[in-house]
Amino acid sequence: MDTPNRSSLAFVDRIYQLCATRKITYHSTDHDLFRTFCQALHTLNRLVRENGTDEAWSNFFRSLLRYRFDVSAAPLPFNSTYVAPEHAPTLRSFASRAKYTYPQHANLVAEVVDAFFKLSSCSDNPLLLALRELNELERTFVIVRERRLVEGTQAMLSAHDSTRAFETIPASDASKISICDRIIILGAPRWFPDHMFSAPRAPQIDVVCFRWNLKAWRPTRVLLERSHRKGNEERVVEQQGELIDEPWPEPDWSSIVRSAALSLGQTEDSDAPELVDAQLFALQDDYAVFLEAKASALVIDLEEEEEARICRVEANEIKPGVFLLLRTEGGGGDYIVSMADRLLGARAIACRSLQKDWKRGLRAETARMGIQQTVSRLIGFGAQRADHSNLRNWMSDRSIRTHDKRDFVALMRLIDREAEADKIWQTMGDIDAMHRRAGKMIRRRLIEQVRDADLEKLEKSGRLDFVLPEAEGGRLTAFRVEARAPTIDSIPASRCARVFGHEDEESSSSRRELISI
Amino acid sequence: MALSEIGKCLRFPAGSGWLSLPAWARFFIDIGFTVAKSARGASPRVVAIVTPARAYAAVLCATGVVSAKVSAAGSLSRQEHFDHLRSLPPGTTVNFRETPNSQVKGWLQGALDIGEQSFIVIRLQVKSKGGLTYRIPTEQSHRIEVAVKPLASLPARPHPKTFRANAPLLEFLLRNDDRDEFLRRVELQCAIVGKYAQLREEILETRFAAQCESLAVGRLQDLLRIRRFLENDGGGYLSQVYSYGTLDETPDDLPHVAIFDGSTSFLKGHGKWPNAHRVVILDRTDRQLPDAAAELNRAYASRATDVDTFCPTEPPEELEFLIF
């Protein structure tokens, strides 16, 4: 059957038809040893969590859970190098130590580790066997939960006649595919976005997973108001045995935070570092970055129209799926600052020094009096917007001056520099103007470069470098945002906007900061 | 034919032929039509619809809005229109349609009763150059429309403005008189906020047809009369499209109905016209869907009053629907 042009009404009508007629079939598979491993790991994880979190377990669970989920969501043999945890050798010593440090869990730890090592030398591949049993249909897309599983999955599928024509894509790209004959979803339905089922791009959806992961998809509403209609009736295959109904694991944020401390080192001003509220992002290829929560950053959003693809977005509004543009060569931190300094020319040093001076004075005064009293005094001095949040922002090196001059005069009065208020206000205005000019220049150049860039490559690889001569010969790298931490961290300001690796905090070789300073 | 029936007579290209609009497409037209019937100034209504694909939902909805407003205007009697003109202050700038293809601008002078006949008086020329004045009787008053741009001074010589209306679809849907009025009408009935290129393709580049005994082919633009897509045909406009990226820079003209095409459009633009009726189209595959749905759910939970459900027809199964 011919697929209509994607932008035609006939194409959209096909999508509506698929919603009404799509058929979901569940195919479960089993493997004794892997089931033993999964159930033991699941039980151990639950018991350890019940006793409160303990950092000592962090690496143990991180690597084994990742192995468990990866093998459950990709047709890879248990001994595949694509899924092997990097520090597997340490697991045995952890199990030995557990006999003394966690005697109540020692048996389970031993069971998990023993099963893991048996799996590591086992070439069974139950998901692939299940895939090979599916009937042949012309255009089939295989959807895997994580982008990192695409390569291994495609290699495995290409090695067999019956699956050679299948095309593997990550779940995050599933909405971009055209209408096909069949979509195969690997793993538990709950690991995938709801629209894979509720707005399908194929008449046939096959879910292939281990039987303890199988829980049928059910339509859910996103808007309030109770639906007065029954959802589509799907043929539900009841799983046998114990269901392990777990969501796909979030990145281990606490471990990434620890990696930041190791990778980015001590702060310049370690005695009294300026602390800022920062949003942590997990990026493509196991990199991560902190961005000041209320500051904006440049992002590329490929779903936007050409002119709007590059925009500045406040850090706490950046979503997974967009590309974050970060400086990865030519100095750490924000490239706009260094470019603005170039535009300021000979005045830059004096201007920045003045900026640092009054910020330092404000921080010292706040440290002396406490935030509450500082805010009260500022209000007494005529400040219009003095509150906790704004005071923190005014202390930050990222903010240049206040919006309202009355707030600025109050700040100057607080630090005994009222007589210079006009002069400092003017100088800060000059810095601000240069920041805006620098931002516009960089954005314009980036738009040109993005227009010429291989966006398909960017989409596929999740990372692309851009060289901007204006930014001191610096290099910017667009990283796909994989996840955003659920909470805000308070960290030294000097750690913001610096990309670091977090793949394995125990391995010093992989502890890396991407930027050269 | 009545514009309220437009959903039934529109066709879209499929393969080598034309097909009737599917139920979901007619539903969006019906929703637009029904929302537009809500009075301007009444408590603004919000209709949120979650779709499996956003394409065409907003523009079909807008088609319903415009159809409803035009139908409503058509039902105004000549006398009501005359009374409205009579109530306007002298000096109000108006357009007077001299012929089916030309109009001229002037100042309203007031109303005049001669015997049993009433007239609207408009001046088209500065007094010192002759002061050409027309008296338009009640039954011809529909040829006068209030102009959007006021005339600072009357010209020495009237400059009729001609326009062309080459829209077979419109010719099929509206009678001559109604069509002339429709083409001259200047009123922001509908604003669509979304991605400019997508909307442009759906409105300008997609062919639709109306079919009864013969086939009349056109584009939705023939009906929507989007201001920024108008070629210089001299006529008025009924709708506008805005990119959500530049919404802050758009004028504050209040549309009767604002349609937000997609989650981001709604999240960035929902504060723009708080007094307009609003239709929000959400795509299930949109990464911003949870945020937009949460915002709508918050608004629904804090709604001042419950309104009567006015869903014209049962929503198709593929759609989620919330109205308040």
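These figures come from a predicted structure and were not determined experimentally.

What counts as what
Residues numbered from 1 in each chain as written. Chains lettered and ligands numbered in written order. Predicted model: local features only at pLDDT ≥ 70, side-chain atom pairs only at ≥ 80, totals over all residues. Helix = DSSP H or I, 4+ residues; strand = E, 2+ residues; numbered from the N terminus. Contact = placed C-beta atoms within 7 Å. Axes fitted to C-alpha atoms, helices over the stretch in contact; angles between N-to-C directions. Parallel < 35°, antiparallel > 145°, perpendicular 65-115°, else oblique. Left-handed = near helix turned anticlockwise from the far one by under 90°. Nonpolar A, V, L, I, M, F, W, Y, C, P; charged D, E, K, R; others polar. Pairing = 2+ DSSP bridges. Core = buried A, V, L, I, M, F, W, Y, C linked by C-beta atoms within 7 Å. Buried ≥ 20, exposed ≤ 12 C-beta atoms within 10 Å, placed from the backbone. Expected span 1.5 Å × (residues − 1). Domains from an automatic or database assignment. pLDDT = per-residue confidence, 0-100.

Trainee: Explanation requested: the overall build of chain B in the structure shown.
Mentor: For chain B, the count of helices and strands is ten helices and 16 strands. Within chain B, residue pairs in contact and separated by at least 24 positions form 67% of the contacts whose partners lie at least 6 positions apart.

Trainee: How should the packing of helix 10 (residues 335-344) of chain A against helix 15 (residues 421-452) of chain A be read in this particular structure?
Mentor: Residue and element names in this part refer to chain A. Where helix 10 meets helix 15, the closest approach of the two axes is 8 Å, and the angle between their N-to-C directions is 115 degrees. Classified by the interaxial angle, the pair formed by helix 10 and helix 15 is roughly perpendicular. Crossing of helix 10 over helix 15 shows right-handed handedness. Packed against helix 10, whose contacting residues are Y335, I336, M339, A340, L343 and L344, the element helix 15 presents I431, M434, H435, R437, A438, G439 and I442 at the interface. Split into classes, the residues belonging to the contact of helix 10 with helix 15 amount to ten nonpolar, two polar and one charged.

Trainee: How should the interface of chain A and chain B be read in this particular structure?
Mentor: Size of an interface: often given as the accessible area lost when the parts come together. Of the residues lining the interface, 23 residues belong to chain A; the matching set on chain B comes to 31 residues. For the side of chain A that touches chain B, the elements supplying multiple residues, two or more each, are helix 1 (9-21) and helix 8 (195-198) of chain A. Considering each element in turn, the side of chain A that touches chain B owes the most residues, eight residues, to helix 1 of chain A. When grouped by side-chain class, the residues that make up the side of chain A that touches chain B number twelve nonpolar, five polar and six charged.

Trainee: How do you make sense of the sheet that holds strand 12 (residues 215-219) of chain B when you look at a structure like this?
Mentor: In any sheet, the strands associate via hydrogen bonds between backbone groups, in a parallel or an antiparallel arrangement. Residue and element names in this part refer to chain B. The four strands are arranged 2-1-11-12 in an open sheet whose pairing can be described as antiparallel. The sheet is open, and its two edges are formed by strand 2 (17-20) and strand 12, each paired on a single side. Neighbour-to-neighbour, the strand axes of this sheet turn through a mean angle of 40 degrees, independent of strand direction. Where strand 1 (residues 10-14) meets strand 2, four bridges bridge the pair, whose relative direction is antiparallel. Bridge pairing links F12 to L19 in strand 2.

Trainee: I'm lost on the nonpolar core in this one. Help?
Mentor: One recurring pattern in soluble globular proteins: nonpolar side chains tend to sit buried together. Judged by nonpolar contacts, the single largest core of 141 residues is most densely connected at A:V112, A:I143, A:L186, B:C61, B:A62, B:I192 and B:I259. For this core, the leading source of residues is helix 3 (residues 57-74) of chain B, giving ten residues. The residues touching B:I259, leaving out its near neighbours within four places in the chain, are B:A58, B:C61, B:A62, B:C190, B:I192, B:V279 and B:I281. In terms of nonpolar packing, the next biggest core, distinct from the first, is built from 52 residues, A:I256, A:L325, A:I400 and A:I491 among them.

Trainee: Before we go on, may I ask you to explain helix 1 of chain A in this structure?
Mentor: Compared with an ideal rise of 1.5 Å per residue, which puts 13 residues at 18 Å, helix 1 of chain A spans 18 Å between its outermost C-alpha atoms and is within 8% of the ideal. Those residues of helix 1 of chain A that sit buried are A:L9, A:V12, A:D13, A:R14, A:I15, A:Y16, A:L18 and A:C19. In this fold, the buried residues of helix 1 of chain A make contact with strand 1 and helix 2 (23-37) of chain B.

Trainee: Help me understand the domain arrangement of chain B, please; the structure alone is not making it clear to me.
Mentor: Residue and element names in this part refer to chain B. Splitting chain B by domain gives domain 1 (3-75 + 165-323) and domain 2 (78-162). Domain 1 puts six residues into the contact, and the matching count from domain 2 is nine residues. For the side of domain 1 that touches domain 2, the class distribution of residues is one nonpolar, one polar and four charged.

Trainee: I'm lost on the packing of helix 11 (residues 348-369) of chain A against helix 13 (residues 388-395) of chain A in this one. Help?
Mentor: Axes are the key here: two packed helices are described by the angle between their axes and the distance separating the axes. Residue and element names in this part refer to chain A. Taken N-terminus to C-terminus, the directions of helix 11 and helix 13 make an angle of 140 degrees; their axes are 9 Å apart at the nearest point. Here helix 11 lies oblique to helix 13, going by the angle between them. Residues K359, L362, R363 and T366 of helix 11 touch helix 13, and the partners they reach there are L391, W394 and M395. Grouping the constituent residues of the contact of helix 11 with helix 13 by class yields four nonpolar, one polar and two charged.

Trainee: Looking at this structure, how should I read the environment of B:E139?
Mentor: Residue and element names in this part refer to chain B. Mapped onto the elements, E139 comes out in the loop between strand 7 (133-137) and strand 8 (144-146). When the 12 C-beta atoms within 10 Å are taken as the criterion, E139 is described as exposed. Once the C-alpha coordinates of E139 and R26 are considered, the two residues, 113 residues apart in sequence, prove to be 36 Å apart.

Trainee: Just to check I follow, could you spell out unusual backbone geometry for this structure?
Mentor: What you tend to see is this: most non-glycine residues have negative phi, and most peptide bonds are trans. Residue and element names in this part refer to chain A. The phi dihedral of D416 falls on the positive side, at around 60 degrees, and the residue is not glycine. Relative to the helices and strands, D416 is located in the loop between helix 14 (405-414) and helix 15. Judged by C-beta crowding, with 10 C-beta atoms within 10 Å, D416 ranks as exposed. With phi around 60 degrees, A497 is a residue other than glycine that occupies positive phi space.

Trainee: Mind showing me how you'd approach the sheet that holds strand 16 (residues 320-323) of chain B here?
Mentor: Residues and elements named next belong to chain B. With mixed pairing, the six strands of this open sheet are ordered in space as 13-10-14-15-3-16. Looking at strand neighbours, the two that pair on one side only are strand 13 (239-243) and strand 16, the edges of this open sheet. Geometrically, the sheet is characterised by an average inter-axis angle of 15 degrees between neighbouring strands, direction not taken into account. Bridge count between strand 10 (residues 190-194) and strand 14 (residues 257-261): four bridges; the pairing is parallel. Its bridge partner being in strand 14, I192 is matched across the sheet by I259.

Trainee: Please explain the confidence of the model for chain B as it appears in this structure.
Mentor: Residues shown with low pLDDT carry predicted positions that ought not to be read at fine detail. Per-residue confidence for chain B gives a mean pLDDT of 85, with 88% of residues at or over 70. Across the predicted assembly, pTM comes out at 0.76 and ipTM at 0.79.

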